[in-house]
Amino acid sequence: MTERKKHLVILTTGGTIAAKASGPTDATGYHGIEFDGNALLDAIPGIRKSYETEVEQVFSLDSCSLEDHHLLTLSKRVNSVLEKEEIDGVVITHGTDTLEETAFFLNLTVKSEKPVVLTGAMRPAEVISADGPMNLLCAIQAAADAESRGKGVMVAFQNRLWPARDVMKLSTYHTDAFRCPEGGPLGTVIDEVRYNYATLRPHTVSSEFDVRELNALPRVQIVYQHIGSGEEMLRCAIQTRPDGIILACVGNGTVPPELKKALAPCPERPKIVRASRVPSGFISPCGNINDAEYRLIPSGGFSPQKARILLQLALTKTTDYEELCAIFDRY
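Because the structure is predicted, anything quoted here is derived from the model rather than measured.

### Details of the nonpolar core
And step 1. Of all hydrophobic cores here, the largest spans 29 residues; its most connected members are Ile-47, Val-91, Val-117, Leu-136, Ile-140 and Leu-161.
And step 2. At the level of secondary structure, the elements contributing two or more residues to this core comprise β1 (7–12), α1 (37–42), α5 (132–144), β7 (154–157) and β12 (192–195).
And step 3. Counting residues per element, this core draws most heavily on α5, which supplies 8 residues.
And step 4. Setting aside residues up to four positions removed in sequence, Leu-136 forms contacts with Leu-40, Leu-41, Ile-44, Val-91, Thr-93 and Thr-119.
And step 5. By size, the runner-up hydrophobic cluster in this structure holds 28 residues, among which are Phe-59, Leu-74, Val-90 and Val-167.

Right, here's the structure in full:
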C-alpha cells in the first residue's frame, strides 16, 4: 500500500524570497515582490511529487511594512487551515526583517500541535546562490515530519530549525542571519529532519492567548535608550496614550535617573516593560530601580520587539500588574 503523501499548505506573505533581483550578481538590490508561491515551489525540483501542496497568498509585502492587523489575519488563517483534518502542516514564506516577531506571535496564538514553519531568504530569487529554494525545502521537510508535531512554531534557515520564542535576526546580509543568542537550534534539516532539543515554555495549544475573535491588538510602543536620550521620547510616547510601552534600556535594563520622574506610576500611565537593547542575556528583577515601586515589568530574556508582542497579547487577558509580571515570567 502506497503511503499517503503529506498534505501541506504554503502561505506566502512576500519578502526577499519572492523578490526579483536587479541582476544575477546583485544580492542586495531588488525590485518589488514578483514571484508567487507556485513560482517558489517551481524552483525546487520534484517537490510536488513528494508532497501534496496547496499555495495561498495571504498578502505580498516587505515585512518592514507589516502592521498588527496583518499578524491577526495570518494567525486566523493558520488556525483555520490547521482545523482541516487532511492538512498535516503549514509553511509560511516571510520577509526576514520582522520574521522573528511574526513567528513569536504565531507561537503564542496558533491553537494546533501541527507543525508551523516560517522561512525566507537573505538573497532575492534568481540571483547567483539564492538561498530561498533550499530554505523553503527545509521548511517543507520539517513541516511534513512527524517529529515536528508539538514542537511549537519554528523558523527554518540555513538547514537549521530555530524556536520562535528565542530566534533573532543577527545579520543584515549573511545567509545564516538567524540565531538564538542564548541557545542552539532545535534541530537540523540535512537530507532528513533531526531534533536535539524541545522548548519548555508555553506555546500554541498550551498558550492562554487566543486571537481568533479579536479585530485589533492593544497598542504598544518601543522607546529606545541611548547616551543623551533624556526623557523627551518617553514623555512623548506616554502622551500618545498607548496601552503599553517597552523601554529598551541599556545593559541589564538599567534605567537612567532622569527617567524616574517620567516613570512615576499613575492611573493614566501605560503599562511599561523594562527591557534591554542588548541582544543576549536576561533582565533580572533587581536592577538599579525598584520594579514594584515603579510598576515596571521585567522583560526576562525577551528582546524589545518580542516583549512588545507578549505585552500586546498579555493585555488582551489582564491589566493587573502582578498578573502581567507573572505572564512575562511564565513565557
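There is more to say, and it comes next.
### Some thoughts on the layout of surface pockets
And step 1. Approximately 620 Å³ is the volume found for the largest pocket.
And step 2. Classifying every residue of the lining of the largest pocket by side-chain character gives 13 nonpolar, 11 polar and 5 charged.

### Considerations on the pattern of salt bridges
Where charged atoms of side chains with opposite charge meet at close range, the side chains can pair.
And step 1. With the rule as written, the count across this model stands at 15 salt bridges.
And step 2. Across the pair Glu-126 and Lys-20 runs a salt bridge whose closest N-O atoms are separated by 3.0 Å. A residue pair is termed long-range when its members are at least 10 positions apart, and Glu-126 in the loop between β6 (116–119) and α5 and Lys-20 in strand β2 (residues 19–21) qualify at 106 residues.
And step 3. Classification of Glu-126 by relative accessible area gives exposed; the value is 54%.
And step 4. Where Arg-194 meets Glu-192, a salt bridge forms, and the shortest distance between an N and an O atom there is 2.9 Å.

### Overview of unusual backbone geometry
And step 1. Of note in the backbone geometry, Asp-191 takes a positive phi value of approximately 75° without being a glycine.
And step 2. In this fold, Asp-191 is placed in the loop between β11 (187–190) and β12.
And step 3. Its relative accessible area of 75% is what places Asp-191 among the exposed residues.

### Examining helix α6 (residues 232–239)
At 3.6 residues per turn, the α-helix brings residues three or four places apart onto the same side.
And step 1. Every buried residue of α6 is accounted for by Leu-234, Ala-237 and Ile-238. All buried residues of α6 fall inside an arc of 100° around its axis, so they share one side. Every exposed residue of α6 that faces more than 90 degrees away from the buried side is listed here: Glu-232, Met-233 and Gln-239.
And step 2. Looking at the buried side of α6, the elements it contacts are β13 (220–224) and β14 (244–249).
And step 3. Just downstream of α6, Arg-241 is the residue with a positive phi angle, here 55°.

The rules we used
- Residues numbered from 1 in each chain as written.
- Predicted model: local features only at pLDDT ≥ 70, side-chain atom pairs only at ≥ 80, totals over all residues.
- Heavy atoms only, no water.
- Core = buried A, V, L, I, M, F, W, Y, C linked by side-chain atoms within 4.5 Å.
- Buried < 20%, exposed > 50% of the residue type's maximum accessible area, 1.4 Å probe, protein only.
- Helix = DSSP H or I, 4+ residues; strand = E, 2+ residues; numbered from the N terminus.
- Contact = heavy atoms within 4.5 Å.
- 1 Å grid on protein atoms, 1.4 Å probe; cavity = no way out; pocket = protein on both sides within 12 Å on 5 of 7 lines; lining within 4 Å.
- Points joined across faces, edges and corners; volume = space filled by probe spheres on them.
- Nonpolar A, V, L, I, M, F, W, Y, C, P; charged D, E, K, R; others polar.
- Salt bridge = Lys/Arg side-chain N within 4 Å of Asp/Glu carboxyl O.
- Arc of directions from axis to C-beta.

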